[in-house]
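Residues per chain, in single letters:
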Amino acid sequence: MSTTDQGLEGSGPGSDWKEVQESPDFTQLRHRLRTFVFPMTVLFLAWYLVYVLLADYAPKFMATKIAGNFNVGLLIGLLQFVTTFLITWLYVRYANRRLDPLSEKIRTELEGEKVQTTATAEGDAE
Amino acid sequence: MKTLAAGVEGSNPTLNIIIFAIFVAITLVIVFWASRNTKTASDYYAAGRAFTGPQNGIAISGDYLSAASFLGIAGAIAVNGYDGFLYSIGFLVAWLVALLLVAELLRNTGKFTMGDVLAFRMKQRPVRAAAAVSTLIVSFFYLLAQMTGAGGLVNLLLGVQGNVGQDIVIAVVGVIMVLYVLIGGMKGTTWVQIIKAALLIVGALAMTLWVLSKYGFNFSSLLQHAVDKAGGGAKGEALLGPGKQYGKTGTSKLDFLSLGIALVLGTAGLPHVLMRFYTVPNAKEARKSVVWAIVLIGIFYLFTLVLGYGAGALVGADKISKAPGTTNSAAPLLALELGGPVLLGFIAAVAFATILAVVAGLTITASASFAHDVYANVIKKGKVDSAASEVRVARITALVIGAIAIAGGILAKSQNVAFLVALAFAVAASANLPTLLYSLFWKRFNTRGALFSIYGGLVITIVLIVFSPAVSGESTSMIKGANFDWFPLSNPGLVSIPLSFFLGWLGTVLSKERNEEKYAEMEVRALTGAHAEKAVVH
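Right, let's walk through the structure included here. (Residues numbered from 1 in each chain as written. Chains lettered and ligands numbered in written order. Predicted model: local features only at pLDDT ≥ 70, side-chain atom pairs only at ≥ 80, totals over all residues.)

### Focus: the overall build of chain A
For chain A, the count of helices and strands is five helices and two strands. For chain A, the sequential pattern of α-helices and β-strands runs α-α-α-β-β-α-α. For chain A, the proportion of contacts with a sequence separation of at least 24, taken over those separated by at least 6, is 51%. (Helix = DSSP H or I, 4+ residues; strand = E, 2+ residues; numbered from the N terminus. Contact = placed C-beta atoms within 7 Å.)

Dropping the structure here:
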């Protein structure tokens, strides 16, 4: 394995990684991954930061009561839970539909005849 | 921590010990059973990569919900109100970093350790050594915090008094933990974490429903009782909004911001969390693990919100603050109030199980990093005679770490080391996360960049902590009566994280090294899972 053996170049059976990396399928896969995860990361980190800053510097606003003792701070705090669950769900759906089929296709092409054994090993876990 | 204070009134130490002994007996049997198939390095470090996503997700939550987040957050909410809740949100949102940016790519490119990924396209020996240093330091801080916590819990729950009694219990905890790791390897450790997570979540659910039922399932009414118990008026109302703990001065506000950032960015850089992603067969299962972990951890933190205010309402902040273990006693005291000594015994046993499971996870991670990164790749230059000798080294390392953990736990038990968990998160967020993200996403990144961000992050974080009020200068500091706290914040993340990202960039552009072939291999493998490590079929 190239991850432990030092200085050993490319472990793929005759595969040229750069060629695969520049292939249209792979470029597409990378594009799909990055256009989802990067903006989403910026979004949830910004939203979290807004929350922390509000709690830190606008405690009076956060303590404003909405219903009974339920205040703005609790609402926004619970909304952080909601958005975390929501983003998780969105990502899984996106990955299943848009990422997995493409990465599976490239992997199958790369691993060539090894596919049968791999497919059964992975099939167990599905 | 008061070492000579009596245990919680109304607690039945014998009952607590019996319930805990039953847990240990059952888990040891399972660990022995799990060890039957542990033969190869992949079995020992990664449980043969044969756990399913849901199993691993439960184990992750077992690993992650340490005593600090179970007892600590509930207690913080009971005493400081809303500010305690803020912790749990940082701890939860952090998982999105792991889900979106780290888990799957790491599973696809690595084998056993964080070093596998960081060194993938770099010069192996220096980067692996750096990754191992960081892993060992983070694990050690975290481990010490847990072992010290064990000392406090003993005092609180078993009524064991005096130094010798506490020392014995810390040693027993250490020995059981080492047994789990030596015998069961990752598989045994994982099962201990799964069992513990199930007990913890079921216990917390039962208590949450119990508390809510006392107030007619009206959360607002529960809050009102917490406010009244705290003295009502403005003083009581302060529990409901943020600022009670951190809102005092400009510096404390900045400190809180710094903590919040370290919490959200630290999780995905914790080596014992990263290592769990190798125990599943492929990236898709790694994704499922994170989803399960997010759901379980999220639900658990919602429980702690109710339990925290519940403890405030039913037990009262004053009583909690005066109890041995102070805020850590909130959940146990609430259990006693609700279900008497039996429920307290159950919660006490779960708390101990928590420490055992987390400590075991840390020990296997640290020993794997030493054996795989340092011994096999740095010392033996990747030419170990057999995987068996690497596993033997890992087992010996686990023994050494166990001994260090026991000694450290005993020495540090009367110290205030609460800052250690925050420190572990700060190091993970500063040294590990920038390096991981650059490795996975930045083509130009190279050996010098990796070394700059790992060592730079480590040194900056530790120096800032040493010269912070957490260590000296205040009544709550670790070293009392000394003043060398020129850095005003107890949490260094605000400074150390951006600096580490900067250093990673700087080191990279200062070096001419480029390896586009290797990056192509890494990127293709990371995104597609081609030639990823496969599950072992027994």
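Now, onward.
### Some details on the overall build of chain B
Per the secondary structure count, chain B includes 20 helices and zero strands. Relative to its length of 538 residues, chain B is compact, with a C-alpha radius of gyration of 23 Å against a globular reference of 24 Å. Across the 538 residues that make up chain B, the buried fraction comes to 68%. Taking the contacts inside chain B whose residues are at least 6 apart along the sequence as the reference set, 81% of them involve residues at least 24 apart. (Rg over C-alpha atoms; globule rule 2.2 N^0.38 Å. Buried ≥ 20, exposed ≤ 12 C-beta atoms within 10 Å, placed from the backbone.)

### Side note on unusual backbone geometry
Its identity is not glycine, yet Phe 217 of chain B carries a phi of approximately 55°, on the positive side. Topologically, Phe 217 of chain B is positioned in the loop between helix H8 (162-214) and helix H9 (219-229).

### What about the interface of chain A and chain B?
With 54 residues of chain A at the interface, the matching set in chain B holds 58 residues. Among the secondary structure elements, those contributing two or more residues to the side of chain A that touches chain B are helix H1 (17-22), helix H2 (24-57), helix H3 (59-62), strand E2 (70-71), helix H4 (72-111) and helix H5 (115-123) of chain A. Ranked by residues supplied to the side of chain A that touches chain B, first place goes to H4 of chain A with 17 residues.

### Thoughts on H2 of chain A
For H2 of chain A, built from 34 residues, the straight-helix expectation of 50 Å at 1.5 Å per residue is met to within 8% by its first-to-last C-alpha distance of 49 Å. Of all the positions in H2 of chain A, only Phe 26, Leu 29, Leu 33, Val 37, Phe 44, Tyr 48, Tyr 51, Val 52, Ala 55 and Asp 56 of chain A are classed as buried. Against the buried residues of H2 of chain A lie H1, H3 and H4 of chain A together with helix H5 (82-109), helix H11 (250-266) and helix H20 (516-528) of chain B. (Expected span 1.5 Å × (residues − 1).)

### Notes on the packing of H5 of chain B against helix H13 (residues 283-314) of chain B
Residues and elements named next belong to chain B. Their axes nearest at 9 Å, the elements H5 and H13 cross at an angle of 175°. As summarised for this structure, H5 and H13 are arranged roughly antiparallel, according to the angle between their axes. Taking contact as the criterion, the partners of Gly 84, Phe 85, Ser 88, Leu 92, Trp 95, Ala 98, Leu 99, Ala 103, Glu 104, Arg 107 and Asn 108 in H5 are, on H13, Ala 283, Ala 286, Arg 287, Val 290, Ala 293, Ile 294, Ile 297, Gly 298, Tyr 301, Thr 304, Leu 305 and Gly 308. Here the residues of the contact of H5 with H13 sort into 14 nonpolar, six polar and three charged. (Axes fitted to C-alpha atoms, helices over the stretch in contact; angles between N-to-C directions. Parallel < 35°, antiparallel > 145°, perpendicular 65-115°, else oblique. Nonpolar A, V, L, I, M, F, W, Y, C, P; charged D, E, K, R; others polar.)

### Remarks on the nonpolar core
Among soluble globular proteins, nonpolar side chains are generally buried collectively. Among the nonpolar cores identified, the biggest contains 238 residues, and Ala 311, Leu 334, Ala 351 and Leu 356 of chain B are the most heavily contacted of them. Look past the residues within four positions of Ala 311 of chain B in its chain and what remains in contact with it is Ala 74, Ala 78, Ile 320, Ala 330, Ala 331, Leu 333 and Leu 334 of chain B. (Core = buried A, V, L, I, M, F, W, Y, C linked by C-beta atoms within 7 Å.)

### Some remarks on helix H4 (residues 67-80) of chain B
Given a rise of 1.5 Å per residue, 14 residues ought to cover 20 Å, and the 18 Å separating the end C-alpha atoms of H4 of chain B matches this to within 8%. Remark: Gly 81 of chain B follows H4 of chain B within two positions and exhibits a positive phi of approximately 65°.

### So, the environment of Gly 529 of chain B
Take Gly 529 of chain B: it is sitting in the segment after H20. We classify Gly 529 of chain B as buried; it has 27 C-beta atoms within 10 Å. Between the alpha carbons of Gly 529 of chain B and Glu 104 of chain B there is a distance of 8.7 Å; along the sequence they are 425 residues apart. Not counting the four nearest positions on each side in its chain, Gly 529 of chain B is found in contact with Ser 103 and Arg 107 of chain A together with Asn 108, Asn 282 and Ala 283 of chain B.

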